[in-house]
Amino acid sequence: MTNAQATDKHPGELADVPGWFPPLDQVLFTWFLEQQKKAGIKGDLLELGVYMGKSAILLGHHLQDGELFTVCDLFEGDAPDEANKAESSKSYASLTQQAFERNYLSFHDTLPTVITGPSSLVDEKVAPDTCRFIHIDASHLYEHVHGDIGAAHDILLPEGIVVLDDFRSEHTPGVSVAAWEAVLNRGLRPICLSTQKMYATWGDPEPLQEDLLEMLRQRSDVGLSVQEAAGHRLIRARSRGMKPPSFPPSRHYVEPAPAQAPTAAESRAARPARPAPSRVRRLAKDLLPPVITRAVRRARAKRS
């Protein structure tokens, strides 16, 4: 994870919002959410850990009528323990609720429900069996991620999808332990793995995996492999120069000015200078008899 810098400017496009949300995961989020809509699956959306709102903005774009969107983050609040406090101070010192809300409202008319505090508050604020999609990107400490996964299990609908961020990064071993522990001991079933995130469900992953494989195999900008581990089929996807999916610009978007054609003076200035005569040509001119030189000139004059 690199350090994403905050900005006090209104974003014009999703790419202007600071954060860690690679094009591959933007494609996968969009695909899963659209598949749920096609299948007639309705339910609320939930994100734990929002940073500056990049993934939340995309999630909010896929809200259906009657659905709720809830986000949870410490923002400037107090962490529940010293380890979480140190983590927040190191990685998210620039995060403020004001910055998140400014970015989100650049793309949407209303804010989601915002829970300001640790993710452990979520199971008190969000009812069980209500969400179809949950993105967990809060604390990377094992104890917190373990609790977040447990809360997601209770809050998700049976066919719902949970996404675990940073499940394989070298600097977040706590997420890795909690994620694979949930797969081995808590009934979580992986659907696919991106470079950064695990997409999983407590339902049956097979139908989604078949549709996902069909979609990914049609793309030339993704590397794809399928492996088996501990009785689970693991679809692994990695970007090969993938571009993010199209996304509506914000209300602050400004169309780039069209490039102007160069003026005649600029065109002349851009032309390369005529090269100086080579040494061989200068010697030939000096050594050729005048008669031959005049004949060459007359021949050139006739051609022109």
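In what follows, the structure referred to is the one given above.
Everything numeric here is computed off the predicted structure, so don't read it as measured data.

Rules and cut-offs
- Residues numbered from 1 in each chain as written.
- Predicted model: local features only at pLDDT ≥ 70, side-chain atom pairs only at ≥ 80, totals over all residues.
- Heavy atoms only, no water.
- Helix = DSSP H or I, 4+ residues; strand = E, 2+ residues; numbered from the N terminus.
- Buried < 20%, exposed > 50% of the residue type's maximum accessible area, 1.4 Å probe, protein only.
- Contact = heavy atoms within 4.5 Å.
- Areas by Shrake-Rupley, 256 points an atom, 1.4 Å probe, with all protein chains shown as cover.
- 1 Å grid on protein atoms, 1.4 Å probe; cavity = no way out; pocket = protein on both sides within 12 Å on 5 of 7 lines; lining within 4 Å.
- Points joined across faces, edges and corners; volume = space filled by probe spheres on them.
- Nonpolar A, V, L, I, M, F, W, Y, C, P; charged D, E, K, R; others polar.
- Pairing = 2+ DSSP bridges.
- Axes fitted to C-alpha atoms, helices over the stretch in contact; angles between N-to-C directions.
- Phe/Tyr/Trp six-rings, centres within 6.5 Å; stacked < 30°, edge-to-face > 60°.
- Patch = residues over 30% accessible without salt bridge, like charges linked within 9 Å, V, L, I, M, F, W, Y side chains within 5 Å.
- Salt bridge = Lys/Arg side-chain N within 4 Å of Asp/Glu carboxyl O.
- Lys, Arg positive; Asp, Glu negative; His and termini not counted.
- Charge placed at Lys NZ, Arg CZ, Asp CG, Glu CD.

A.B. asks: Help me understand the overall build of the protein chain in this model?
C.D. replies: Broken down by element type, the protein chain carries 11 helices and 9 strands. Buried residues in the protein chain amount to 45% of all 304 residues. A fraction of 69% describes how many contacts in the protein chain between residues 6 or more apart in sequence connect residues 24 or more apart. For the protein chain, the exposed surface amounts to about 17,000 Å²; the carbon and sulfur share of it is 52%.

A.B. asks: Hey, could you run me through empty space enclosed by the protein in this one?
C.D. replies: The probe, sized like a water molecule, is rolled over the atoms to show the empty space still left. Under the definition given, this model contains 1 cavity of 30 Å³ or more. In this structure, the largest cavity encloses a volume near 40 Å³. Every residue lining the largest cavity is listed: Ile136, Asp137, Ala138, Ser139, His140, Val145, Asp165 and Val175. Partitioned by chemical class, the residues of the lining of the largest cavity number 4 nonpolar, 2 polar and 2 charged.

A.B. asks: Even after reading the chapter, I still don't get the sheet that holds strand S7 (residues 197-201), so can you show me in this structure?
C.D. replies: Adjacent strands of a sheet pair through backbone hydrogen bonds, lying either parallel or antiparallel. Strand order in the open sheet made by the 9 strands is S3-S2-S1-S4-S5-S7-S6-S9-S8, with mixed pairing throughout. This sheet does not close on itself; its edge strands, each paired only once, are strand S3 (113-116) and strand S8 (222-229). Looking at each pair of strands side by side, their axes are set apart by 20° on average, direction ignored. Examined bridge by bridge, strand S5 (residues 156-165) and S7 share 4 bridges and lie antiparallel to one another.

A.B. asks: Explanation requested: the pairing of strand S9 (residues 232-239) in the structure shown.
C.D. replies: Every regular strand shows the same layout, with side chains that alternate between the two sheet faces. As judged from the 2 bridges shared by strand S6 (residues 189-193) and S9, these two strands associate in the parallel manner. Counted as the bridge partner of Cys192 is Ile235 from S9. Bridge count between S8 and S9: 8 bridges; the pairing is antiparallel. Along S9, the bridge assignment pairs Gln227 with Leu234. Two successive antiparallel strands, S8 and S9, enclose a turn made up of 2 residues, where Ala230 displays a positive phi of approximately 50°.

A.B. asks: Would you take a moment to explain the packing of aromatic side chains for this structure?
C.D. replies: One pass over the full model with this rule turns up 11 aromatic pairs. Arranged with centres 4.7 Å apart and planes meeting at 35°, the rings of Trp20 and Tyr51 form a pair that is tilted. Within this pair, whereas Trp20 is found in the segment before helix H1 (23-38), its partner Tyr51 is found in the loop between strand S1 (44-48) and helix H2 (54-61), the two being separated by 31 residues in sequence. For the pair Trp20 and Tyr51, a shared accessibility class is recorded, and that class is buried. Summarising the aromatic geometry, the rings of Phe167 and Trp180 are spaced 6.2 Å apart at their centres and angled 65° between planes, so their arrangement reads as edge-to-face. In this pair, Phe167 sits in the loop between S5 and helix H7 (173-185) while Trp180 sits in helix H7, placing the two residues 13 residues apart along the sequence. Residue classification places Phe167 among the buried positions, given a relative accessible area of 3%. A network of ring pairs unites the aromatic residues Phe21, Phe29, Trp31, Phe32, Phe133 and Tyr199 as a single cluster.

A.B. asks: I would appreciate a short explanation of unusual backbone geometry in the present structure.
C.D. replies: Negative phi characterises most residues that are not glycine, and trans characterises most peptide bonds. Positive phi, close to 55°, is recorded for Asp129, a residue that is not glycine. The residue Ala230 is not glycine, and still its phi comes out positive at about 50°. With respect to the helices, strands and loops of the structure, Ala230 is situated in the loop between S8 and S9.

A.B. asks: Which parts of the structure should I look at to understand a negative patch on the surface?
C.D. replies: Side chains of Asp123, Glu124, Asp129 and Asp154 sit close together on the surface and give a patch of like negative charge. Along the chain, Asp123 turns up in helix H5 (residues 122-125).

Without other data, these values stay purely geometric and don't point to any function.
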